[in-house]
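If you want the building blocks of each chain, they are given just below.
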Amino acid sequence: MTPAEWESLCDGCGKCCLHKLQEEEEDGSLGAVMHTNVACRLLDLGSCRCKKYPTRFRYVPDCVQLTPETVHDVNWLPASCAYRLVAEGKPLAWWHPLVSGDPATVHEAGISVRGRCISETRAGPLEHHIVEWPDL
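Residues numbered from 1 in each chain as written. Predicted model: local features only at pLDDT ≥ 70, side-chain atom pairs only at ≥ 80, totals over all residues. Heavy atoms only, no water.

1. Considering the nonpolar core
Reasoning step 1: Listed in full, the 10 residues of the largest apolar core are W6, L9, L66, V71, V74, W76, L77, C81, A82 and Y83.
Reasoning step 2: What L9 contacts, discounting residues up to four positions off in sequence, is M1, A82, Y83, V86, H96 and L98. (Core = buried A, V, L, I, M, F, W, Y, C linked by side-chain atoms within 4.5 Å. Buried < 20%, exposed > 50% of the residue type's maximum accessible area, 1.4 Å probe, protein only. Contact = heavy atoms within 4.5 Å.)

Listed below in structure tokens is the structure:
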């Protein structure tokens, strides 16, 4: 798969751009991942796309770069994530823009974070925004 083909897998749901909290166990190992409804300041809350994707690392140095090699190591990707599905050899959902031909279907199907999140610039403490959405 070419880099452009890999990038085209992003469905525009915005879930990977939500902040997560991860507990540290007493033995120092990482515990459960807790999801929040707080979005990275670069996420356009309407389109659910990064406002500065090509230069995002300049503004958010710890932004995660998903690659075919690293996608298996990211334990917080939602089950619907196309990167994850392709890595697991599974088909894309009907609402995925590469299947439907329409980038709006991810929103119409209720898969995206549109209308369900707040920007980190307005959120306050992340602990106040923990969510347990079934699609995360």
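So much for the structure itself; the text now carries on.
2. Overview of the pairing of strand β1 (residues 18-24)
Reasoning step 1: Pairing of β1 with strand β2 (residues 30-39), which is carried by 5 bridges, proceeds in the antiparallel orientation. Bridging across to β2, L21 finds its partner in M34.
Reasoning step 2: Here β1 folds back onto β2 in antiparallel fashion, the turn holding 5 residues, of which G28 has a positive phi close to 90 degrees. (Pairing = 2+ DSSP bridges. Helix = DSSP H or I, 4+ residues; strand = E, 2+ residues; numbered from the N terminus.)

3. A few points about a negative patch on the surface
Reasoning step 1: Negative charge collects at one region of the surface, where E23, E24, E25, E26 and D27 lie side by side.
Reasoning step 2: Relative to the assigned elements, E26 resides in the loop between β1 and β2. (Patch = residues over 30% accessible without salt bridge, like charges linked within 9 Å, V, L, I, M, F, W, Y side chains within 5 Å. Areas by Shrake-Rupley, 256 points an atom, 1.4 Å probe, with all protein chains shown as cover. Salt bridge = Lys/Arg side-chain N within 4 Å of Asp/Glu carboxyl O. Lys, Arg positive; Asp, Glu negative; His and termini not counted. Charge placed at Lys NZ, Arg CZ, Asp CG, Glu CD.)

4. Observations regarding the packing of aromatic side chains
Reasoning step 1: What the rule picks out here adds up to 1 aromatic pair.
Reasoning step 2: Across from the ring centre of Y53, 3.8 Å away, lies the NZ or CZ of R56, which sits over that ring.
Reasoning step 3: A cation sits over an aromatic face here: R116 above W133, 4.3 Å from the ring centre. (Phe/Tyr/Trp six-rings, centres within 6.5 Å; stacked < 30°, edge-to-face > 60°. Lys NZ or Arg CZ within 6 Å of the ring centre and 35° of its normal.)

5. What to know about the pattern of salt bridges
Reasoning step 1: Taken as a whole and judged by the stated rule, the model has 5 salt bridges.
Reasoning step 2: Two residues, E120 and R41, come together in a salt bridge whose shortest N-O distance is 2.9 Å. Separated by 79 residues along the polypeptide, E120 in helix α6 (residues 120-123) and R41 in the loop between β2 and β3 (43-44) bring together distant segments of the chain.
Reasoning step 3: Given a relative accessible area of 35%, R41 falls into the partly exposed group.
Reasoning step 4: Close ionic contact of D135 with R116 constitutes a salt bridge, the shortest N to O distance being 2.9 Å. In this pair, D135 is assigned in the segment after β6 (130-131) and R116 in the loop between α5 (105-108) and β5 (118-119), connecting sequence segments 19 residues apart.
Reasoning step 5: Through salt bridges with shared partners, one network takes in K15, R116 and D135.

6. Digging into unusual backbone geometry
Reasoning step 1: Look at C48: it is not a glycine, yet its phi comes out positive at around 60 degrees.
Reasoning step 2: Along the chain, C48 falls in the loop between β3 and β4 (49-50).
Reasoning step 3: Overall, the relative accessible area of 4% leaves C48 in the buried class.

7. What about the state of the cysteines?
Reasoning step 1: Counted under the stated rule, the structure contains 0 disulfides.
Reasoning step 2: Cysteine C17 remains unbridged, with the sulfur of C16 as its closest cysteine sulfur at 4.1 Å.
Reasoning step 3: Unpaired in terms of disulfides, C50 finds its nearest cysteine sulfur in C40, a separation of 6.3 Å. (Disulfide = S-S within 2.5 Å.)

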